[in-house]
Each structure stands twice: as C-alpha cells, then as structure tokens.
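Chain and residue survey
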Amino acid sequence: MILLVLCLLGSSVTVLAENQGIEDDWEDTETYAQGDVNGDGKINVMDYGMVKRFTMRQIQFTDAQFDAADVNGDGKANALDYMILKRVVMKLGEFPCRHVYDETVVGNLHVFTCRFCKHQYERFDGELIG
C-alpha cells in the first residue's frame, strides 16, 4: 500500500549524510519519456490520472515528471496536456511534435528543419520567410 502511494505521488527522496545530519548534494537526474509521468516505462491511465491530479493541485511533480507531463512542449503541465495524454492512451490521437530544429545556412538564407517531423521554416537576413 505504501509503495503504491509513493508511486502515485512520485515523491523525490532527500538523502541525508550519515553522521552529519545534513542534505547531500543530490540532483534529480531522472528523465521520463514524453507522457510517462510515473516513470514505469508505459503510457497509461495512471499517467493521465497523475496529470489531472497535478492540474487540480493535489500533487507535486519532480522536474522529470513535469517534463514528461508537458506533452505539447509549451513549458506548462496543464489541462491541455491532460487532454492530449488521455487521447493518446485511448488511441484517439498522437503526441504533437516538440520540434527540435537543425539549422542549414546558405549565404544569408537560414533553413531550420525539425529532426523528427521535418517541419521547416526559413529566415533570410533575419526575416522570417516561410
């Protein structure tokens, strides 16, 4: 029962130095896949349930959980992310691309292409052209 509660809350553990009684320099280095908020390697009803509880301010997220919950990549974990995640779990939709662009420069033309979905836009002399 306690393990289930800890999994649902996703609480981070603070490690105390053995004889000193002070906190170690511990960093949250965990990363979770997009949508896998509880970090179990699966995207399911537990994940969108946690996002719902987070948006209702019933639970807190670690940085890794927050990043996983922000499925649309807008820097927020909110009701929109909950709706997207729920549709993905129900197999009614897909995650939107989080666009990671590579830049190609030819003279004054800069072409930016997403590594994942191949979306492109161009700038010429700093002006957006497409």
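On a predicted model such as this, the values are computed, not experimentally measured, just so you know.

The next point concerns the confidence of the model for the chain. With 77% of its residues at a pLDDT of 70 or more, the chain has an overall mean of 81. Below a pLDDT of 50 lies the segment residues 1–27, which in the model reaches 25 contacts outside its immediate sequence neighbourhood of four places, other chains included.

In the contact formed by helix 2 (residues 45–55) and helix 4 (residues 79–89), the axes pass within 9 Å of each other and the chain directions differ by 165°. One element, helix 2, and the other, helix 4, form an angle in the roughly antiparallel class. Helix 4 is crossed by helix 2, and the crossing has left-handed handedness. Facing helix 2, whose interface residues are V45, D47, Y48, V51, K52 and T55, helix 4 presents A79, Y82, L85, K86 and V89.

A separate point is the packing of aromatic side chains. Going through the model one piece at a time under the given rule, you end up with 5 aromatic pairs. Taking 5.7 Å as the distance between ring centres and 65° as the angle between the ring planes, the aromatic pair formed by Y48 and Y82 counts as edge-to-face. Of this pair, Y48 sits in helix 2 while Y82 sits in helix 4, and the two are 34 residues apart along the sequence. For Y48, a relative accessible area of 15% puts it in the buried group. Geometrically, the ring pair formed by F54 and F61 is stacked, given 4.3 Å between the ring centres and 5° between the ring planes.

This next bit is on the sheet that holds strand 3 (residues 120–124). A sheet is described by the order of its strands in space; here 4 strands give the open sequence 1-2-3-4, paired in antiparallel fashion. Where the open sheet ends on each side, the last strands, each with one partner, are strand 1 (101–106) and strand 4 (127–128). Sheet topology note: the strand 1/strand 2 (residues 109–114) ladder contains 6 bridges and is antiparallel. Residue D102 lies in a different strand from strand 2, and its bridge partner there is T113.

Now for the pairing of strand 3. Relative to strand 3, strand 2 runs antiparallel, the two being bridged by 5 bridges. Bridge pairing in strand 3 places F112 opposite Y121. Remark: 5 residues form the turn of the hairpin made by strand 2 and strand 3, two consecutive strands paired antiparallel; K118 in that turn has positive phi of roughly 65°. Where strand 3 lies against strand 4, 2 bridges are found, and the strand directions are antiparallel. Of the residues in strand 4, the one forming a bridge with F124 is E127. What sits between the antiparallel neighbours strand 3 and strand 4 is a turn of 2 residues, in which D125 has the positive phi angle 50°.

Thresholds, definitions, all that
- Residues numbered from 1 in each chain as written.
- Predicted model: local features only at pLDDT ≥ 70, side-chain atom pairs only at ≥ 80, totals over all residues.
- Heavy atoms only, no water.
- pLDDT = per-residue confidence, 0-100.
- Contact = heavy atoms within 4.5 Å.
- Axes fitted to C-alpha atoms, helices over the stretch in contact; angles between N-to-C directions.
- Helix = DSSP H or I, 4+ residues; strand = E, 2+ residues; numbered from the N terminus.
- Parallel < 35°, antiparallel > 145°, perpendicular 65-115°, else oblique.
- Left-handed = near helix turned anticlockwise from the far one by under 90°.
- Phe/Tyr/Trp six-rings, centres within 6.5 Å; stacked < 30°, edge-to-face > 60°.
- Buried < 20%, exposed > 50% of the residue type's maximum accessible area, 1.4 Å probe, protein only.
- Pairing = 2+ DSSP bridges.

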